[in-house]
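Residue-level structure breakdown
The primary structure of each chain is shown beneath.
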Amino acid sequence: MPILSAQNITLRFGGPPLLDNVSFDIEAGDRICLVGRNGEGKSTLLKILTGEMEYNSGDIVKKSGLKVSRMVQEIPAHMEGTVRDVVMGGASLAGDTNAGATGPVNGAAINGADSEIRNAHAEAILGKTGIDPDAQFDSLSGGQKRRVLFARAVASDPDLLLLDEPTNHLDIPAIQWLEGIVTRLECAVLFVSHDRAFVRRTATRIFELDRGRVRGWDFPYDKFVQFRDQALAEEEKANALFDKRLAEEEVWIRKGIQARRTRNEGRVRALICMREERAARRTRTGNVNMQITEAERSGRMVARLTDVSYSYDGAPLISHFTTEVSRGDRIGIVGPNGSGKTTLLRLILGELAPESGEVRLGSNLQVAYFDQMREGLREDKSLVENIADGQAYITINGVRKHVLSYLQNFLFSAERARGPISALSGGERARLMLACLFSHPSNVLVLDEPTNDLDMETLDLLADLLAEYNGTVIAVSHDRAFLDSFATGIFAIEEDGNVFEATGGYTDYENNRKVRDKEAANAARIAEEKAISQRSGASVNQQTAQNTQNSQNQAKKKKRSYNEEREYAALPDKIEKLEAEIADFQAELAKPEVYTDAKRIVELQKEISDRESELEKAYERYEELDLLGG
């Protein structure tokens, strides 16, 4: 039995309905991701479910005593009290949407026993945030505030938890923490997110809000995409057949007098119905049509950092980092919130002088900067004025274009383009920022958390655009799937300001880190065993040595089998072939023309990685067989 059922919900603000006879059920234990383009009404639907917003018609049927809690998308500008005050408030207050969560929406009374249970639950979730409970909420970073607001929403022990863009402003460790919490919650969860990796790991069902309708898919995300794309292809095919038939009927109705005398009135009525059906059809929101205005090529070297260090309040942010960023590189910068990612960006760009070390910038650099706070947008100006400073035309890659036409490529209507920025949603602000950025010539793109608020379709287009860009890209992002889609290198800020440089995307870095952690654990274990062995006395050492000698003698006595002998004889040739292939791929990777082909760089790096892994296994196998003897 559903814990909540939406039945034919309709909401209209003028024009096509934002929600058009929306119906769906939420079962206990569901983890549902609500997906859809920016502006489709996802946040509005969450507000309707909590009772914060009225709707025109329809019904929402809730299980008796249902408790619903919501984490809002926006971080409150000001909230008094400590972290404990904020989280514990989620266990005791109802309807406090400004605090980031709503409490029990059905007015359930909170008696003494319930209050104690909720307080214990709130204390437990408070401890999981890893944040000082006595810290003032307003003193926290954006990512820490998001964690506290999530804890507040969960503290009331709801039956249905609504999360609106919960991963915004969170670093990757915090997102992984959030994934673990969400997947272990016993309540139903309905969340909005454009973070593909987060959705893959948490959602068991998908609700797609498209053209005012909600369609439920009882699949994880990747399977949903597959079936959704098939459904869209079938819809396009059906629409094309319908339009062809309608065109034929329009030709028939416009025939001469003789045809009108013998007209079939039933056919006429069918044509009228077809016209009405075609007029009522709503097309999907189009894709952003982005292109970057490229400047002349920069020099081969973009920036060279030599033993660069920088600290803040005595704590090292960047420690003895040496690297070179070359033309055509696509670098992703990752690290926990507050670790110094933006500081590293500013050091690379020469905007910040290092405390020690040297930064050298290349020649002919034209930098376009996307700041995460969108401070480049002028709030007192319209969209048109932000793009063109009152001019009617702008030039994009040598082509003169009307500013309204250019903004339409970023899905802004002419009416919207002349309106104020204050009316824009978070996703629309991000699109406008990209429109401003790409309208100016550049050969170095610097993007500080560009993925916040952008829908998945726009993120895909942006990633493709960055992969084809002839200049250099340096991007700070916590979106793992986005980094994997375009990055050819990762700068990861780790403990004590150490910056680890990895080849490939975020997944490659994560795999490398796991190998390093395993090696460190093995080294620690060996050191501990060695210390124990030294303390155990000479007699134990002698016995260990004797056991080792016996094992070696037994190994020497064992002969290779016929098949192992053939494998042993073939391994030198295999090793030589792999080494030659690795050398050939490395030589191709070093060619200047490859620098501008991001896809080829990724392909070559994967080929090299695969061959090196295979070569390592071949060496290990050769040593094993060599010990056996012939």
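Only a predicted model underlies this, so the values are computations on that prediction, with no experimental measurement involved. (Residues numbered from 1 in each chain as written. Predicted model: local features only at pLDDT ≥ 70, side-chain atom pairs only at ≥ 80, totals over all residues. Heavy atoms only, no water.)

1. Digging into the packing of aromatic side chains
Put simply, the test is: Note on aromatic pairs: the rings of Phe, Tyr and Trp (six-membered ring only in Trp) are paired at centre separations within 6.5 Å, and the planes decide the class, stacked below 30 degrees, edge-to-face beyond 60, tilted for the rest. Accessible area is worked out with a 1.4 Å probe on protein chains only. A residue is then buried under 20% of its type maximum, exposed over 50%, and partly exposed in between. For helices the rule is a DSSP run of H or I covering at least 4 residues; for strands it is a run of E covering at least 2, with both sets numbered from the N terminus onward.
If you walk through the whole model with that rule in mind, you get 11 aromatic pairs. Between F191 and F198, the aromatic rings sit 5.4 Å apart at their centres with planes inclined by 75°, giving edge-to-face as the arrangement. On the basis of relative accessibility, which here comes to 1%, the residue F191 falls in the buried class. Look at Y221 and F224: their rings are 5.9 Å apart centre to centre, the planes differ by 50°, and that puts the pair in the tilted class. Taken together, the residues span about one helical turn, with Y221 and F224 both in helix α7 (residues 221-253) at a distance of three residues. Through a chain of ring-to-ring contacts, three or more aromatic side chains come together here, namely W217, Y221 and F224.

2. A word on a negative patch on the surface
Keep this limit in mind: Patch rule: a residue counts if its relative accessible area is over 30% and it has no salt bridge; like charges are joined within 9 Å, and nonpolar side chains (Val, Leu, Ile, Met, Phe, Trp, Tyr) within 5 Å. Calculation of accessible area relied on Shrake-Rupley with a 1.4 Å probe; when residues are assessed, cover is drawn exclusively from the protein chains displayed. Salt bridges, as used here, are contacts in which a Lys or Arg side-chain nitrogen is within 4 Å of a carboxyl oxygen on Asp or Glu. We score Asp and Glu as negative and Lys and Arg as positive, and we do not count His or the chain ends. For the purpose of locating charges, the reference atoms are NZ of Lys, CZ of Arg, CG of Asp and CD of Glu.
Taken together, E519, E616, E620, E623 and D626 make up a surface patch of like negative charges. In terms of residue count, helix α20 (residues 598-628) provides more of the negative patch than any other element does, four residues in total. With respect to the element layout, E616 can be found in helix α20.

3. Comments concerning the sheet that holds strand β1 (residues 4-11)
Applicable threshold: DSSP-based pairing: two strands are paired if at least 2 bridges between them are found. Think of each axis as a best-fit line through the C-alpha atoms, taken over the contacting stretch in the case of a helix, with angles from 0 to 180 degrees between the N-to-C directions. By definition, residues are in contact when any of their heavy atoms lie within 4.5 Å.
Sheet architecture is open: three strands sit in the order β2-β1-β4, paired in antiparallel fashion. Of all the strands in the sheet, the pair left with one neighbour each is β2 (19-26) and β4 (57-62). Across the sheet, the mean angle from the axis of one strand to that of its neighbour is 10°, orientation sign disregarded. Summarising the sheet, β1 and β2 pair through five bridges and their orientation is antiparallel. Bridge pairing links S5 to D25 in β2. Contacts from helix α1 (residues 42-50) reach β1, β2 and β4 within the one sheet, and its direction differs from that of β2 by about 60°.

4. Focus on the nonpolar core
The line we're drawing: Here, nonpolar core means buried Ala, Val, Leu, Ile, Met, Phe, Trp, Tyr and Cys residues that are tied together by side-chain atoms lying within 4.5 Å of each other.
One finds I387, L407, L432, F438 and L445 to be the most contacted residues of the largest nonpolar core, which totals 50 residues. In terms of residue count, the dominant contributor to this core is helix α14 (residues 426-438) (eight residues). Residue contacts for L407: discarding those within four places in its chain leaves L383, V384, I387, F412, A417 and L432. M88, L126, V182 and C187 belong to the second largest nonpolar core, which has 45 residues in total.

5. Examining α14
How we decide: An expected span of 1.5 Å times one less than the residue number is assigned to each helix.
When the terminal C-alpha atoms of α14 are compared, their 19 Å separation across 13 residues agrees well with the 18 Å that a helix rising 1.5 Å per residue should span. Turning to α14, its buried residues are G427, E428, R429, A430, R431, L432, M433, L434, A435, C436, L437 and F438.

6. Points about the layout of surface pockets
Heads up, the condition is: Only protein atoms enter the calculation, which uses a 1 Å grid: trapped sets of points that fit a 1.4 Å probe without letting it out are cavities, open sets showing protein on both sides within 12 Å along at least five of seven lines are pockets, and any residue with an atom within 4 Å of a point is a lining residue. Grid points are joined across faces, edges and corners, and a volume is the space filled by probe spheres set on the points. The classification used treats Ala, Val, Leu, Ile, Met, Phe, Trp, Tyr, Cys and Pro as nonpolar, Asp, Glu, Lys and Arg as charged, and all other residues, Gly among them, as polar.
Of the pockets and cavities examined, the second largest pocket occupies roughly 670 Å³. The wall of the second largest pocket is formed by 27 residues, among which T503, G504, D508, Q605 and S609 lie closest to the centre. Elements represented by at least two residues in the lining of the second largest pocket include exactly α16 (480-486), β20 (499-503), α17 (506-535) and α20. With 10 residues, the single largest contributor to the lining of the second largest pocket is α20. Here the residues of the lining of the second largest pocket are counted per class, giving nine nonpolar, 11 polar and seven charged.

7. Some remarks on the pattern of salt bridges
Within the structure shown, the criterion is met by 26 salt bridges. The partner of D20 in a salt bridge is R213, with the nearest N and O atoms 3.7 Å apart. Residue D20 is located in strand β2, and its partner R213 is located in strand β9 (residues 213-217); the two are separated by 193 residues in the primary sequence. One network of salt bridges, with partners in common, ties together D30, R205 and D218.

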